[in-house]
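Notes for the structure review
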Protein chains: 2
Amino acid sequence: MLGVGASGPVHADPPAPVSALPGARPTLEERDAWAVLAGVRGLGPVGFGLLLRRYGSGAAILREASSPGGARRLVEPEEASQGPAEPAEGVSQAIADGIARAADGAALTIGRIRSLGLAVVTVEDPLYPIRLTQIEMPPHLIYVLGSPGAMHAEAVIAIVGTRRPTDAGRAIAARLAANLAAVGASVVSGLAIGIDGAAHAATLQAGGTTVAVIGSGHAKLHPRVHGRLADAVVASGGAVISELGPDVEPSRGTFPRRNRVISGLADATVVIEAPARSGALITASWALEQGRECYLVPGAIDAPASAGCLAFLREFPDRARIVAGIPQLIDDLGLADHLTQPGVTSDVAATLTGVGEVAGRIGREIAVGRATVDELVASTGWPVATVLAALTILERAGLTVGAHGRFRAAGALAAADPDKSRQRPRTIV
Amino acid sequence: MLGVGASGPVHADPPAPVSALPGARPTLEERDAWAVLAGVRGLGPVGFGLLLRRYGSGAAILREASSPGGARRLVEPEEASQGPAEPAEGVSQAIADGIARAADGAALTIGRIRSLGLAVVTVEDPLYPIRLTQIEMPPHLIYVLGSPGAMHAEAVIAIVGTRRPTDAGRAIAARLAANLAAVGASVVSGLAIGIDGAAHAATLQAGGTTVAVIGSGHAKLHPRVHGRLADAVVASGGAVISELGPDVEPSRGTFPRRNRVISGLADATVVIEAPARSGALITASWALEQGRECYLVPGAIDAPASAGCLAFLREFPDRARIVAGIPQLIDDLGLADHLTQPGVTSDVAATLTGVGEVAGRIGREIAVGRATVDELVASTGWPVATVLAALTILERAGLTVGAHGRFRAAGALAAADPDKSRQRPRTIV
């Protein structure tokens, strides 16, 4: 369990919509409707998309389902309003009944999500990670505990591996995570025991931000022994996310599905120790499938902990890449410059680490005195919606506050002096 | 030093030409002339080729050099007999003088080569390894102690690596060599201390054939402690070869040059442990340069003995291949079938291991009773020159004898029963 009651979630209340601009982001009601529908067993992307096209919104689907005879109408093929060319199918009776039941229990479901402090981020939401929209069949929503900003970092790297690493493997995970933290990259992993946990923990220790993608609902956190680690991830400005409803138990099937989210959130996936048939190799396969970079740490040819990595490198010699050392990997990831770039680790920039390139830029603009959306649009040349999304991220991270249409630095960003940006950069490697 | 005097070379006398067919192979006189010219400092492939084109043969060059005023004429630009388009340059005065001195000392040089038991194999000789002719600037001759057949095996694999291997590296070299022996491949290496020596020794122990390419002349064998190993290589039907005259001392420059012969003799080069800047990586580079396959055994990313291998794999991800385990490597080399192919390890086939595909086929034909060159040409469909070259290899290996135009099995081949070829194959892996 996440220690939601004990230490209190960092961002328990979902943020109020920044703007009512049409299309800027879904309304709270609509996000809640999606969250209710996400809990319907058997309602996958195809059926959900079908209903969404037919009814226009999640809220409308729920309204239809809870109206008299509504479940029946969800099943009926759509009237061929566009002519006979598109006789769209309805959903099955079982699913329709499930939707009706979900609609009846909507208030309870939403209360449950609220009480756990989860934000619901739909694929239409500007807070939804852009990298995840680029994969095939992205989850239509993710439940987020903590700050979504960590998913928006300029560089997001997944570190995964075996649940039974060697000491050497654990040390490599920690060293890599610390270096990624030093360049402002977010570290994504699966909160599992072993390499995953080592990567999360070392990122936190190095002052970085990390995202844990769990293979269960938030209320059924797995593994239980990593409850404190999950709390620490959230408390440090990272996030624990899942595409599964809060009360979904972990099962054999949920982990491979989760793994595609890990790789999908990241620019590159690094596998550190994986025996043959390790789940980490599924994540590596997803990375390749998704057109992302995939790195594997080698080892001795007779070391069981490396067998899967070596086999993968042999099987995909043209696509899987070898890790020849941490400095080379940082270089291969295109992050070596950040290690020595002045300003990256300045107070302001360090403070903005993990909120992503877009929010980071907006944060710097606010730190030097730009205050209104108009000024920020003018100085960046970005669309209003982009600026508003960035402001949301910054507000959620406690780095800005807005009142009466003016924004100013808050928290750590207010404490940071924008002129101290020439100090010696951190280099770990 | 090779123990030439002590145990006696296996094939001390160069074989008499099998045939006087024009073009079949160079005459003994011509080979000797090339060997004499090979000792002339500064006479490289270009100058040698120029003189060869001008005078038609090595023997003619030596005759010219030792005739009155001959050295002078070697220097003069050739008369433009074909018109002004080809005013070919002569060699320098220093080289011409060197050739004249070499011509004067020819008898001594040839006596030296004979006394060491070296065969001189020129690039025009059918015994010259075909793979070596395919590289850029092949040595125009090689000095061979032992049986050239080992260079003609159907599969020839180079195993190289650091002079300071770990125990694990040494064990991998031995295991790979034993497996290569089991599939009838020849193992080429550099006779160096460390991985090279382990590869040679394990091949011998597994009953295979191996070729040591040394970076010095045969009389200056380096390293000296591997004198016994060199003797064993020769005694077991392998060869110790060099492109350097017998009295050339090893030097810094001779080893990289030697390395191109190691990779050039082989279908694939396998590097087992190489720290950064290891000479083994030069061999790997040559392999890529020569369009041959190149495999590197990985290791932990912080193991100095593997650093060079990992860096090479990272640097040439599309061309250098990773070794994920010995069975996979045998598979990648296309040799896995041989491990279970009946007959490969039958008496006859095992006996013919290491003589090469061509000589192996001829050996099998002779074992089943074909006796004349005409019969062998008819049964194989091969050119007469090819059949004659194969017969030479078999004779040198002591597997056939010929008299009055008829050939029959001898030695181990005579003892092998061609009908016992269904016995259980050897598998090591």
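No experiment lies behind these values; they were computed from the predicted model shown.

About the cut-offs
Residues numbered from 1 in each chain as written. Chains lettered and ligands numbered in written order. Predicted model: local features only at pLDDT ≥ 70, side-chain atom pairs only at ≥ 80, totals over all residues. Heavy atoms only, no water. Core = buried A, V, L, I, M, F, W, Y, C linked by side-chain atoms within 4.5 Å. Buried < 20%, exposed > 50% of the residue type's maximum accessible area, 1.4 Å probe, protein only. Contact = heavy atoms within 4.5 Å. Helix = DSSP H or I, 4+ residues; strand = E, 2+ residues; numbered from the N terminus. Pairing = 2+ DSSP bridges. Right-handed = clockwise from strand over helix to strand, strands pointing away. Axes fitted to C-alpha atoms, helices over the stretch in contact; angles between N-to-C directions. pLDDT = per-residue confidence, 0-100. Parallel < 35°, antiparallel > 145°, perpendicular 65-115°, else oblique. Left-handed = near helix turned anticlockwise from the far one by under 90°. Nonpolar A, V, L, I, M, F, W, Y, C, P; charged D, E, K, R; others polar. Disulfide = S-S within 2.5 Å. Least-squares fit on C-alpha atoms with pLDDT ≥ 70 in both. Phe/Tyr/Trp six-rings, centres within 6.5 Å; stacked < 30°, edge-to-face > 60°. Lys NZ or Arg CZ within 6 Å of the ring centre and 35° of its normal. Buried area = accessible area lost by both parts, 1.4 Å probe. Salt bridge = Lys/Arg side-chain N within 4 Å of Asp/Glu carboxyl O. Polar contact = N/O pair within 3.5 Å; in protein donor to acceptor, adjacent residues only side chain to side chain.

**A look at the nonpolar core**
- The biggest cluster of nonpolar side chains holds 166 residues, and the ones touching the most others in it are L180 and I241 of chain A together with L180 and I241 of chain B.
- Setting aside its immediate chain neighbours within four residues, L180 of chain A contacts I157, I159, A185, V187, I330, L333 and L335 of chain A.

**A look at the pairing of strand 7 (residues 268-272) of chain B**
Residues and elements named next belong to chain B.
- Of all five residues making up strand 7, five are buried, and the element is well covered by its neighbours.
- Residues A268, V270 and I272 point to one face of strand 7 and T269 and V271 to the other, with burial holding for every one of them.
- Pairing of strand 3 (residues 156-161) with strand 7 involves five bridges; the strand directions are parallel. Across the sheet, residue I159 finds its bridge partner in strand 7, namely V270.
- Taken together, the four bridges between strand 7 and strand 8 (residues 293-296) define a ladder with parallel strand orientation. Paired with T269 across the two strands is C294, which belongs to strand 8.
- For the segment spanning strand 7, helix 12 (residues 279-289) and strand 8, crossover handedness is right-handed.

**Focus: the sheet that holds strand 7 (residues 268-272) of chain A**
Residues and elements named next belong to chain A.
- Sheet architecture is open: nine strands sit in the order 1-2-6-5-4-3-7-8-9, paired in mixed fashion. Edge strands, defined here as strands with exactly one partner in the open sheet, are strand 1 (119-122) and strand 9 (320-322). For this sheet, the mean inter-axis angle between neighbouring strands, taken without regard to orientation, is 25°.
- Where strand 4 (residues 186-189) and strand 5 (residues 210-213) come together, three bridges link them in parallel fashion. Looking at the pairing, V188 lines up with V211 of strand 5.
- The sheet contacts of helix 1 (residues 28-38) involve strand 1 and strand 2 (141-146), and relative to strand 2 the element is tilted by about 110°.

**What about the confidence of the model for chain A?**
Residue and element names in this part refer to chain A.
- Within chain A, residue pLDDT values average 85, and 86% of them lie at 70 or more.
- Throughout residues 83-87 the model reports pLDDT below 50, and contacts reaching past four residues in sequence, or to other chains, amount to one contact.
- Across residues 341-345, confidence stays below pLDDT 50; counting only partners more than four residues off in sequence or on other chains, it has 14 contacts.

**Details of the sheet that holds strand 5 (residues 210-213) of chain B**
All names here are of chain B.
- Strand order in the open sheet formed by nine strands is 1-2-6-5-4-3-7-8-9, with mixed pairing between adjacent strands. Of all strands in the sheet, those with a lone pairing partner are strand 1 (119-122) and strand 9 (320-322), marking the two edges. Across the sheet, the mean angle from the axis of one strand to that of its neighbour is 25°, orientation sign disregarded.
- Where strand 3 meets strand 4 (residues 186-189), three bridges bridge the pair, whose relative direction is parallel. In the strand pairing of strand 4, V156 is matched with S186.
- Here helix 9 (residues 195-205) sits on the sheet in contact with strand 3, strand 4, strand 5 and strand 7, set at roughly 140° to strand 3.
- Lying on the sheet, helix 12 is in contact with strand 3, strand 7, strand 8 and strand 9; it crosses strand 8 at an angle near 150°.

**Quick word on the packing of helix 1 of chain A against helix 3 (residues 58-66) of chain A**
All names here are of chain A.
- The N-to-C vectors of helix 1 and helix 3 enclose an angle of 60°; their axes lie 7 Å apart at closest approach. Classified by the interaxial angle, the pair formed by helix 1 and helix 3 is oblique. In terms of crossing hand, the pair formed by helix 1 and helix 3 is left-handed. Along its contact with helix 1, which presents E29, E30, A33, W34, V36 and L37, the element helix 3 presents G58, A59, I61, L62 and R63.
- Of the residues in the contact of helix 1 with helix 3, the class split is seven nonpolar, one polar and three charged.

**So, the state of the cysteines**
Residues and elements named next belong to chain A.
- Here the structure, examined in full by the defined rule, presents zero disulfides over all chains.
- This cysteine, C309, is not joined by any disulfide, and C294 carries the nearest cysteine sulfur, 8.9 Å off.
- The class for C309 is buried, based on a relative accessible area of 0%.

**Topic: the packing of helix 17 (residues 356-367) of chain B against helix 19 (residues 384-396) of chain B**
Residues and elements named next belong to chain B.
- Packing of helix 17 against helix 19 leaves a shortest axis separation of 9 Å and a crossing angle of 80°. It follows from the interaxial angle that helix 17 and helix 19 lie roughly perpendicular. Side by side, helix 17 and helix 19 meet where V358, A359, I362, G363 and I366 of the first sit next to T386, V387, A390, L391, I393 and L394 of the second.
- Split into classes, the residues belonging to the contact of helix 17 with helix 19 amount to nine nonpolar, two polar and no charged.

**So, the relation of the copies chain A and chain B**
- Of the two same-sequence chains, chain A is brought onto chain B (RMSD 0.1 Å, axial shift 0.0 Å) by a rotation of 179°. Here the transformation between the copies is reduced to the relation of a two-fold axis. When each C-alpha of chain A is compared by its distance to the rotation axis, G299 of chain A comes out closest, at 2.1 Å.

**Details of the packing of aromatic side chains**
Residues and elements named next belong to chain A.
- Under the definition given, this model contains four aromatic pairs over all chains.
- Taken together, a centroid distance of 4.9 Å and an interplanar angle of 80° make the contact between W34 and F48 edge-to-face. Separated by 14 residues along the polypeptide, W34 in helix 1 and F48 in helix 2 (residues 45-55) bring together distant segments of the chain.
- Residue W34 is classed as buried on the basis of its relative accessible area of 2%.
- The ring of F255 carries R163 above its face, with NZ or CZ at 5.8 Å from the centroid.

**Notes on the side chain of T269 of chain A**
Residue and element names in this part refer to chain A.
- With respect to the helices and strands, T269 occurs in strand 7.
- Given the relative accessible area of 0%, T269 is considered buried.
- Residues contacting T269, with those up to four places away along its chain left out, are A158, V160, S263, T283, A287, E293, C294 and Y295.

**Overview of the interface of chain A and chain B**
- The partner chain B presents 19 residues to the 19 residues of chain A that form the contact.
- In this assembly, chain A packs against chain B so that about 1,600 Å² is buried in total across both faces, 68% of it on carbon and sulfur atoms.
- On the chain A side of the interface with chain B, the three residues burying the most area are I301, R314 and I322 of chain A, jointly 44% of the side's total.
- Our count for the chain A to chain B interface comes out at four salt bridges.
- R314 of chain B serves as the salt-bridge partner of D332 of chain A, at 2.7 Å between the closest nitrogen and oxygen.
- Between the two partners, chain A and chain B, sit two residue pairs in polar contact (both at pLDDT 80 or more).
- Within the residue set of the side of chain A that touches chain B, elements represented by two or more residues are helix 13 (304-315) and helix 14 (326-332) of chain A.
- Among the residues forming the side of chain A that touches chain B, the class breakdown is 13 nonpolar, three polar and three charged.

**Some details on the pairing of strand 3 (residues 156-161) of chain A**
All names here are of chain A.
- Taken across its six residues, strand 3 has six buried, putting it largely inside the fold.
- Neither face of strand 3 is exposed, since V156, A158 and V160 on one face and I157, I159 and G161 on the opposite face are all buried.
- After leaving strand 3, the chain enters helix 8 (residues 167-182) and then returns to the sheet as strand 4, a path that is right-handed.

**Some details on helix 2 (residues 45-55) of chain B**
Residues and elements named next belong to chain B.
- Burial in helix 2 covers these residues: G47, F48, G49, L50, L51, L52 and R54.
- If you follow the buried residues of helix 2, they end up packed against helix 1 (28-38), helix 3 (58-66), helix 4 (70-75) and helix 5 (93-104).
- Residue G56 follows helix 2 closely and has a positive phi angle near 90°.

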